[in-house]
Amino acid sequence: MAGRVFRKKMKTTYNPSKMLPGEGELLRRHAFTRWMSRDLLQPASDFLRNLRLLALYAECSPENGHRYLLWHPPEGCGFEVRSGRTLAQFEEYDRGNLARGWVLLSLHINECDIYSAVWISPEHVETAKQVLAGYGITVAARTLLA
C-alpha cells in the first residue's frame, strides 16, 4: 500500500551483569547492603537518595529480599533503579530509559526470572563502569535483533 510504513518488530535480548572472581569478591562481600524486605525498599531508597548514594548494582533473591551495591555518583548524575520486576515490567522501564538516552548499566536476573536493573545518564557511564569493574562486576548489555 502506498504511503504506509511497516515497522518490523525488533526483539531485544539482555545479557545480565556477571560477578567476576578475584579481588572484587572481597570488596563485594563487604560493600553490599544487608538484604531488605520489599516494605523497606522505599524508605531505604529515600534515605540513600538524601545521602546522594546511588545503587550501582541491585539484586533480588528468590525469597524477595533486595540488596544494593552503592556509590557516591558525580554531581548531576541521573539514574533509575528498579528491583524485583517481571520481564514485562523490566522491558517497559528499559524502553522508557532507552527513549531518554539512558544506558542500562547493571542487570541481575535471579533464578525465578525476576529482574533488577540500574540505568544511568550517558555522561557518567564511563565513571560508573570503572567503579563496577573495581567490584568485579561487568556491565549489562542489550542487543536488538531484527
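Since the structure is predicted, the reported quantities are computational estimates derived from the model, not experimental observations.

Trainee: Help me out: how do you make sense of helix 3 (residues 87-99) in this one?
Mentor: Every α-helix carries 3.6 residues per turn, so stepping three or four residues along brings you back to the same face. Spanning 13 residues, helix 3 covers 18 Å between terminal C-alpha atoms, matching the ideal 18 Å at 1.5 Å per step. Here helix 3 has its buried residues at Phe 90, Asp 94 and Asn 97. The buried residues of helix 3 all sit within an arc of 65° when viewed along its axis, so they share a single face. For helix 3, the exposed residues set more than 90 degrees away from the buried face come down to Ala 88, Glu 92, Arg 95 and Ala 99. In this structure, the buried residues of helix 3 make contact with strand 1 (11-15), strand 4 (79-85), strand 5 (103-109), strand 6 (115-120) and strand 7 (141-145).

Trainee: What exactly am I supposed to notice about the environment of Arg 100 here?
Mentor: In this structure, Arg 100 sits in the loop between helix 3 and strand 5. Arg 100 gets classed as partly exposed once you look at its relative accessible area, which sits at 43%. Each C-alpha atom, one on Arg 100 and one on Thr 13, is 19 Å from the other, the two residues being 87 residues apart in sequence.

Trainee: Just to check I follow, could you spell out the pattern of salt bridges for this structure?
Mentor: Pairs can form between side chains of opposite charge whenever their charged atoms are close. Under the defined criterion, the tally for this structure stands at 6 salt bridges. Salt-bridge contacts for Arg 49 lead to Asp 46; the nearest nitrogen and oxygen are separated by 3.1 Å. With Arg 49 and Asp 46 both in helix 2 (residues 38-50) and 3 residues apart, the pair spans about one turn of that helix. The exposure class assigned to Asp 46 is partly exposed, which follows from its relative accessible area of 32%. A salt bridge links Glu 80 to Arg 82, with the nearest nitrogen and oxygen atoms 2.8 Å apart.

Trainee: Explain the nonpolar core here, please?
Mentor: As a rule of thumb, nonpolar side chains are buried together in soluble globular proteins. Judged by nonpolar contacts, the single largest core of 15 residues is most densely connected at Leu 105 and Ile 120. Contributing elements (two or more residues each) for this core: strand 2 (54-60), strand 3 (66-71), strand 6 and helix 4 (125-134). If sequence neighbours within four positions are ignored, Leu 105 has contacts with Ser 17, Leu 56, Val 118, Trp 119, Ile 120, Ala 128, Lys 129, Leu 132, Val 139 and Ala 140. Tyr 115, Ala 117, Trp 119 and Ala 140 belong to the second-largest nonpolar core, a separate cluster that totals 9 residues.

Rules and cut-offs
- Residues numbered from 1 in each chain as written.
- Predicted model: local features only at pLDDT ≥ 70, side-chain atom pairs only at ≥ 80, totals over all residues.
- Heavy atoms only, no water.
- Helix = DSSP H or I, 4+ residues; strand = E, 2+ residues; numbered from the N terminus.
- Expected span 1.5 Å × (residues − 1).
- Buried < 20%, exposed > 50% of the residue type's maximum accessible area, 1.4 Å probe, protein only.
- Arc of directions from axis to C-beta.
- Contact = heavy atoms within 4.5 Å.
- Salt bridge = Lys/Arg side-chain N within 4 Å of Asp/Glu carboxyl O.
- Core = buried A, V, L, I, M, F, W, Y, C linked by side-chain atoms within 4.5 Å.

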